[in-house]
Amino acid sequence: MTAPEVPPADEVTQGWWAATTEHRLVVQSCGACDGVQHPPRALCIHCGSTERLGWRTASGTGTVDSFTVVHRAPRAGIEVPYVVARVRLDEGPILLTRLEGRDPGGEWVVDDRVRVAWADLPDGRALPVFHPVEGEPDRAQAPAAERQHRGLPA
Ligand SMILES: [Zn+2]
């Protein structure tokens, strides 16, 4: 992946970026209401607390919520095509990210199951990107597949 322009860490995002240096995906969590959120904010979007925000390690898996294929580079030096997506983490929050590991030209569909991978940045931080989870039936098909496995009518 071509190195993107990435904002520096600040007081609010520092914990998130620090976790990326260990290839650990975290979501911001609230000790007051147990809510989780992304991107990191100075207050909890669920209860408004500013005092008890921390970090929780995410499972790293999620579902493609929507995506688009970028064919025209936003600036020089970026390889196209690539896939920009909203991925809904299993914990709930949505990440704006990239999908990799498949032909950008048309193999992705909404609701594909994905797992985090990491694109290292020159400064030691890393960006989460998502790859397909192979061999895991998607949620819509899982019940039918399970019934077939048990020999019951679909
Ligand atoms: Zn809260």
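That block above? That's the structure.
Residues numbered from 1 in each chain as written. Predicted model: local features only at pLDDT ≥ 70, side-chain atom pairs only at ≥ 80, totals over all residues.

**What about the pairing of strand β4 (residues 61–70)?**
Two elements, β4 and strand β7 (residues 113–120), share three bridges in a ladder whose sense is antiparallel. Residue Thr61 lies in a different strand from β7, and its bridge partner there is Arg115. Examined bridge by bridge, β4 and strand β5 (residues 82–89) share eight bridges and lie antiparallel to one another. Across the sheet, the residue bridging to Val64 is Val87, located in β5. (Pairing = 2+ DSSP bridges. Helix = DSSP H or I, 4+ residues; strand = E, 2+ residues; numbered from the N terminus.)

**Quick word on the sheet that holds strand β2 (residues 36–37)**
The strands making up a sheet are joined through hydrogen bonds of the backbone, oriented either antiparallel or parallel. What the three strands build is an open sheet, ordered β2-β1-β3; its pairing is antiparallel. In this open sheet, the two strands that pair with only one neighbour each are β2 and β3 (53–57). Relative to β2, strand β1 (residues 26–30) runs antiparallel, the two sharing two bridges. Across the sheet, Gln28 pairs through a bridge with Gln37, a residue of β2.

**As for unusual backbone geometry**
Of the consecutive residues His38 and Pro39, the connecting peptide bond is found in the cis state with omega at 0°. Looking at where Pro39 falls in the secondary structure, it is placed in the loop between β2 and β3. Here the phi dihedral of Asp34 falls at roughly 70°; this positive angle occurs in a residue that is not glycine. Relative to the assigned elements, Asp34 resides in the loop between β1 and β2.

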